[in-house]
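What the coordinates show
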Amino acid sequence: MTTIDNVIGETSGRSRAVLEYSQITKRLVESAKHPGFTVESWAPLAELIAVDEFVRIGPFKEVMNWDEYAAFLTNWAVSADWDCSFQRITETADLVFLELTERSRMGDFNSVVNTVSVYEFNADDKLRRLAVYLQMELPNTGSVPNFESAEAAE
């Protein structure tokens, strides 16, 4: 399993900022279990973000600005454990695509999903837009459907 810690030393520019974003998130999710964790605790993450123009689009097409996203993260982090495995990172002029395998646990619920997150930066190298896409197994099946078999049955 490749971790972000294994690859960040070989990375620069906006790609490095994206990997730092993931490292900060991991660290803050761990610290959220201690008393005194608040929305303001996300300040280290906010340093990477153009908070006045930031938009986050989640896997269910929900749209949040920075204040809404920080509140969402706080509620999630206090009750969840989260970790990830690095898959791939690709950088273009103003976009970085990060592929991870993410593992989370909230109470008795565990999930493992493949994600692609698209990070869009402004001219000041601050994150202005984050879009999250994910793949997951179908509930209660432990697998993904075989669409070729479904088409053949029709």
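About the criteria used
- Residues numbered from 1 in each chain as written.
- Predicted model: local features only at pLDDT ≥ 70, side-chain atom pairs only at ≥ 80, totals over all residues.
- Heavy atoms only, no water.
- Pairing = 2+ DSSP bridges.
- Helix = DSSP H or I, 4+ residues; strand = E, 2+ residues; numbered from the N terminus.
- Contact = heavy atoms within 4.5 Å.
- Axes fitted to C-alpha atoms, helices over the stretch in contact; angles between N-to-C directions.
- Core = buried A, V, L, I, M, F, W, Y, C linked by side-chain atoms within 4.5 Å.
- Buried < 20%, exposed > 50% of the residue type's maximum accessible area, 1.4 Å probe, protein only.

**A look at the sheet that holds strand 6 (residues 127-135)**
With mixed pairing, 6 strands are arranged side by side in an open sheet as 2-1-6-5-4-3. Only two strands of the sheet have a single neighbouring strand rather than two, namely strand 2 (63-64) and strand 3 (81-91). Of the pairings in the sheet, the one linking strand 5 (residues 109-121) to strand 6 comprises 8 bridges and is antiparallel in character. Bridge pairing in strand 6 places serine 117 opposite valine 132. Relative to strand 3, helix 2 (residues 13-31) is tilted by about 180°, and along the sheet it contacts strand 3, strand 4 (95-106), strand 5 and strand 6.

**Details of the pairing of strand 4**
For a regular strand, side chains alternate in direction, first toward one face of the sheet and then toward the other. Here 10 bridges tie strand 3 to strand 4, and the two strands are oriented antiparallel to one another. Across the sheet, residue glutamate 91 finds its bridge partner in strand 4, namely valine 96. The turn joining strand 3 and strand 4, which pair antiparallel and follow one another in sequence, is formed by 3 residues. Pairing analysis gives 12 bridges linking strand 4 to strand 5, with the strands arranged antiparallel. In the strand pairing of strand 5, leucine 100 is matched with threonine 115. Remark: 2 residues form the turn of the hairpin made by strand 4 and strand 5, two consecutive strands paired antiparallel; glycine 107 in that turn has positive phi of roughly 65°.

**Things to note about the nonpolar core**
Membership of the largest hydrophobic core comes to 37 residues, with the highest contact counts inside it found for Tyr21, Trp42, Leu45, Ile49, Trp66, Tyr69 and Tyr119. Counting only elements with at least two residues in this core, the list comes to helix 1 (4-7), helix 2, helix 3 (43-46), helix 4 (66-77), strand 3, strand 4, strand 5 and strand 6. It is helix 2 that provides the largest number of residues to this core, a total of 7 residues. Excluding its chain neighbours within four sequence positions, the residues that come into contact with tyrosine 21 are Leu45, Leu48, Ile49, Tyr69, Tyr119, Leu127 and Leu130.

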